[in-house]
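Close look at the chain arrangement
Residue strings, one per chain:
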There are 2 protein chains.
Amino acid sequence: MRIAVDALGGDNAPEEVVSGVLRAARRLASGTIVLVGPPERLEPYLGGDDRPPNLDLVASGGVISMSEEPAAALRANPEASVAVAATLVRRGEADALFSAGSTGATVAAALLGIGRLKGCRRPAIATVLPFPRPVLLLDAGATIVCRPQDLLNFAILGSVFAKRYFGLEGEARVGLINVGEEPGKGSDLARESHGLLSSSPAVNFVGNVEGRDIGSGTADVLVTDGFTGNVVLKTAEGTAREILSMVRSAVTEGGPQHKLAGAVLRPRLVAVRDQVDPENYGGSFLLGVRGSVVIGHGNSRARGVENALAGISGAGAGLTGELQDALLAGNAS
Amino acid sequence: MRIAVDALGGDNAPEEVVSGVLRAARRLASGTIVLVGPPERLEPYLGGDDRPPNLDLVASGGVISMSEEPAAALRANPEASVAVAATLVRRGEADALFSAGSTGATVAAALLGIGRLKGCRRPAIATVLPFPRPVLLLDAGATIVCRPQDLLNFAILGSVFAKRYFGLEGEARVGLINVGEEPGKGSDLARESHGLLSSSPAVNFVGNVEGRDIGSGTADVLVTDGFTGNVVLKTAEGTAREILSMVRSAVTEGGPQHKLAGAVLRPRLVAVRDQVDPENYGGSFLLGVRGSVVIGHGNSRARGVENALAGISGAGAGLTGELQDALLAGNAS
């Protein structure tokens, strides 16, 4: 497998991206990483003669910033690193694309440069929510306005992915994020999607799931529109971070006996923090395009980049073909 | 102030509701609580001769369950306790209504029985999110499908309420929940609401707020539609509960030294749990109707009911009039 990496994507690019790429290249048993960026900006971090043999460089010229309108910026700058990386995938010169840069730019580069799967109107960002039972959430922000058919497609794509990612034996259980458990609850989109998901033989639908139950283990896959999914993801991550910060203050401040007790418990509390740290879950997969496209956290450090690249490799060969088959079969059923 | 309480509302009614009412009646320096329910079902919990003097009873006949379509159920059962309580408010025989029962039934009873403020198309549920800097979120689920004008009204109502509730000196800072900070981000509703909120002199608008920043203290009030708000509220509460449960396991399991350290830190960790426990923040206010209407958590216990009733009393007299004035002034500006 060849993974094209946007070396300029992310708040800590290129240094942390290159550092994560070097680690991943050394860790991967097979496969090659293609680092895409301006050679003169990457050179200082590449480690000279120590460079792993399974690391290639492809030159690009520029970056799409967070504040630009993605599609227009890509047209204005076709040599941007994320666009060049997408072109490598379209030409078959890479199997996967990774970027920790602007999500909008990566989605636009994938749509313009790689293209959609047949039967997929719009793609979805699939991301693992780790609190406390991991569940695959999609769409986490690629398609802000969705139709019921989009949510059915997300359910089909997410089921294939979750089965691989979580190593499920049976079919993935799919839930619909909604404001109540009853089928009649929610927006027009939620009610119509409930009907479509209930009647599709392609999906093992378990019904509505409320926000308070997203981590309860009742579903392997949760589908919703990209607006709601993005807000859910960020609310869950933000709340987890804030609660852990309050716990940290509680066990590190106070009297000497509290500090001593905090030191004893530190390894166990660090384990909790690591269990919910998004950086340990690699990136988010953009499902619905003709290739593996993975979006890292904008603030990814080397470890996050390394884990994301290992995750792409671990998702295995043939994912895109399996997603395409499931989509065609599901939409025909 | 007279507060009408739906004695049959909630998972633990009537026992925990009556118990919370008794506690609140004894705690309130002034004011009366009117308990609405079937006398024969309340009698066992009323404490006989010990009953506080500022507790009245009004008979009703029945309850609206969570699974019923609220408006239809209310029309079929006008003697339901929540409907009778709303009627007391309409007639001026009570100033406020509290129910821990079906949210839909309470909202419907308020709309049918009490009516809306002038200039308010739809009401909003305003609830305090306590992680870690308290912020008032609305709408948490009363109006699933909103227009931009609704969100402007929620901002006006929420600003008045937050100023009182948090004791703010200046105007409340209002944020719009969205998927990015830039004005052009999000759904049609989000983009149009951003424009309306930016241009209204009635609102101190600070811009878009992402899910990860809801507890960061950048806003006192967060507005969104009832679908998104309900999902945000439940996701935040569910995540907080799950993370604290993981922390509890980490500090109570393990070897003897961990258990000892856990015992030392227990009071400090309980303080964190209490700080984020929704039961300590009373109920949620339904804003936009002609009276104080407060919705308790469905699983409220006596302490939650007591705190909610104290909160209603604490919100102070004249709230409804002030909300009406702000709405008329804001919509005219």
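If you're wondering where the values come from, they're calculated on a predicted model, not measured in any experiment. (Residues numbered from 1 in each chain as written. Chains lettered and ligands numbered in written order. Predicted model: local features only at pLDDT ≥ 70, side-chain atom pairs only at ≥ 80, totals over all residues. Heavy atoms only, no water.)

A separate point is the overall build of chain A. Counting secondary structure elements, chain A contains eleven helices and eleven strands. Relative to the 2.2 N^0.38 estimate, which gives 20 Å for 333 residues, the radius of gyration of chain A is 21 Å and therefore close to what a compact globule would have. Every one of the 333 residues in chain A was classed for burial, and the buried ones make up 57%. By sequence separation, contacts in chain A at least 24 residues apart represent 72% of the contacts at least 6 residues apart. Counting only carbon and sulfur atoms, one obtains 49% of the accessible surface of chain A, whose full area is about 12,800 Å². Charge-centre separation for chain A: the mean point of 31 positive side chains lies 1 Å from the mean point of 35 negative side chains. (Helix = DSSP H or I, 4+ residues; strand = E, 2+ residues; numbered from the N terminus. Rg over C-alpha atoms; globule rule 2.2 N^0.38 Å. Buried < 20%, exposed > 50% of the residue type's maximum accessible area, 1.4 Å probe, protein only. Contact = heavy atoms within 4.5 Å. Areas by Shrake-Rupley, 256 points an atom, 1.4 Å probe, with all protein chains shown as cover. Lys, Arg positive; Asp, Glu negative; His and termini not counted. Charge placed at Lys NZ, Arg CZ, Asp CG, Glu CD.)

A few words now on the nonpolar core. Judged by nonpolar contacts, the single largest core of 114 residues is most densely connected at Leu129(A), Ile243(A), Leu129(B) and Ile243(B). With near-sequence residues (within four places) excluded, Leu129(A) lies in contact with Pro134(A), Val135(A), Leu137(A), Ile214(A), Val232(A), Leu233(A) and Ala236(A). (Core = buried A, V, L, I, M, F, W, Y, C linked by side-chain atoms within 4.5 Å.)

In this section: empty space enclosed by the protein. All names here are of chain B. Summed over all chains, the structure comprises ten cavities of 30 Å³ or more. Of the pockets and cavities examined, the largest cavity occupies roughly 70 Å³. Lining the largest cavity, in full, are Thr127, Val128, Glu237, Pro278, Tyr281, Gly282, Gly283, Ser284 and His297. Its residues assigned to classes, the lining of the largest cavity shows three nonpolar, five polar and one charged. (1 Å grid on protein atoms, 1.4 Å probe; cavity = no way out; pocket = protein on both sides within 12 Å on 5 of 7 lines; lining within 4 Å. Points joined across faces, edges and corners; volume = space filled by probe spheres on them. Nonpolar A, V, L, I, M, F, W, Y, C, P; charged D, E, K, R; others polar.)

So, on to the domain arrangement of chain A. All names here are of chain A. As far as domains go, chain A holds domain 1 (1–120 + 288–317) and domain 2 (122–277). Look at where the C-alpha atoms of domain 1 and domain 2 centre, and you get two points 26 Å apart. Taken together, the contact pairs 14 residues of domain 1 with nine residues of domain 2. Together, the buried faces of domain 1 and domain 2 total about 880 Å²; carbon and sulfur atoms form 58% of this surface. Its largest share of buried area at the contact with domain 2, domain 1 owes to Val107, Cys120 and Ala315, together 37% of the area lost on that side. If you look at where domain 1 meets domain 2, you find one salt bridge. (Domains from an automatic or database assignment. Buried area = accessible area lost by both parts, 1.4 Å probe. Salt bridge = Lys/Arg side-chain N within 4 Å of Asp/Glu carboxyl O.)

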